Amino acid sequence: RRFDMVSLINALHELPMKQFPSLFLDMLYLCSNDGRLAIFDMTKLLETEPGALPISDEEMQTFLDAFFSSLGAENVSQPVSKCQFSATEAFFFRLRKNLVPTFDKLYEQEKEQIVSKLLEKWKDILIQKLATLNQNIYQLADELFLMASEETDATDKLNELSSLTQQFCQISRAKDHCS
């Protein structure tokens, strides 16, 4: 059975990233030829959720570009929209299945190879995310060192460092699971 619209709302950040390639392919496969896949998710969590890993709109755009490229549709680009709410930020995008006329054939014949390519792209995205976090952790450690020498209350900075370190560990585990 095929559908005109398949959606995933506020759940992507809860799923292991290694499932994204198969999930996107499977959901698009469920769409009719003129169907659409719609995904909405938070880029910032209101509070820390164990195992949850938000994805930025830029990271999702990078993945979508790789998604279409892996399907042989390098000229196709579906923009990721950024949504601002009072308490958080999110992204939204729609994929039109008819942008890749040979999708069903590719899905049935080359799904494993496509998933493998897309997992490598996620791994690259996560490595970049780790590098940025690592830079932020070092910067924060420098600030803490200065605060300690000035005997300034560093509670907020220590909490921030704890949060960044936790994110680093989560992303590192996600990257390792993409292998």
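Note that the structure is predicted; figures quoted are calculated from it, not measured. (Residues numbered from 1 in each chain as written. Predicted model: local features only at pLDDT ≥ 70, side-chain atom pairs only at ≥ 80, totals over all residues. Heavy atoms only, no water.)

### Focus: the packing of aromatic side chains
On inspection of all chains with the given rule, the structure shows 12 aromatic pairs. Summarising the aromatic geometry, the rings of Phe20 and Trp122 are spaced 5.0 Å apart at their centres and angled 70° between planes, so their arrangement reads as edge-to-face. Pair noted here: Phe20 is in helix 1 (residues 20–29) and Trp122 is in helix 3 (residues 103–149), with a separation of 102 residues, a long-range link. On the basis of relative accessibility, which here comes to 0%, the residue Phe20 falls in the buried class. Seen in terms of ring centroids, Phe24 and Phe67 are 6.1 Å apart; in terms of plane orientation they differ by 65°. Their pairing is edge-to-face. Of the two residues, Phe24 sits in helix 1 while Phe67 sits in helix 2 (residues 57–70), which places them 43 residues apart along the sequence. For the pair formed by Phe24 and Phe67, the shared burial category is buried. Grouping aromatic residues by their ring pairs yields a cluster made of Phe20, Phe24, Phe63, Phe67, Phe68, Phe91, Phe93 and Trp122. (Phe/Tyr/Trp six-rings, centres within 6.5 Å; stacked < 30°, edge-to-face > 60°. Helix = DSSP H or I, 4+ residues; strand = E, 2+ residues; numbered from the N terminus. Buried < 20%, exposed > 50% of the residue type's maximum accessible area, 1.4 Å probe, protein only.)

### What to know about the side chain of His13
In this structure, His13 sits in the loop between strand 1 (3–9) and helix 1. In terms of polar contacts, His13 uses its side chain to reach the side chain of Asp41, at 2.9 Å. With residues up to four places along the chain from it excluded, the contact list for His13 reads Asp41, Met42, Leu45, Glu49, Gly51, Ala52, Leu53 and Pro54. (Polar contact = N/O pair within 3.5 Å; in protein donor to acceptor, adjacent residues only side chain to side chain. Contact = heavy atoms within 4.5 Å.)

### Some points on the sheet that holds strand 3 (residues 81–84)
Taken in spatial order, the 4 strands make up an open sheet running 1-2-4-3, and their pairing is mixed. If you trace the sheet from one side to the other, it starts and ends with strand 1 and strand 3, each paired once. Pairs of neighbouring strands in the sheet enclose a mean axial angle of 20°, with direction left out of account. Relative to strand 4 (residues 89–96), strand 3 is paired through 4 bridges, and the arrangement is antiparallel. Each bridged residue has a counterpart across the sheet, and for Gln84 the counterpart in strand 4 is Glu89. (Pairing = 2+ DSSP bridges. Axes fitted to C-alpha atoms, helices over the stretch in contact; angles between N-to-C directions.)

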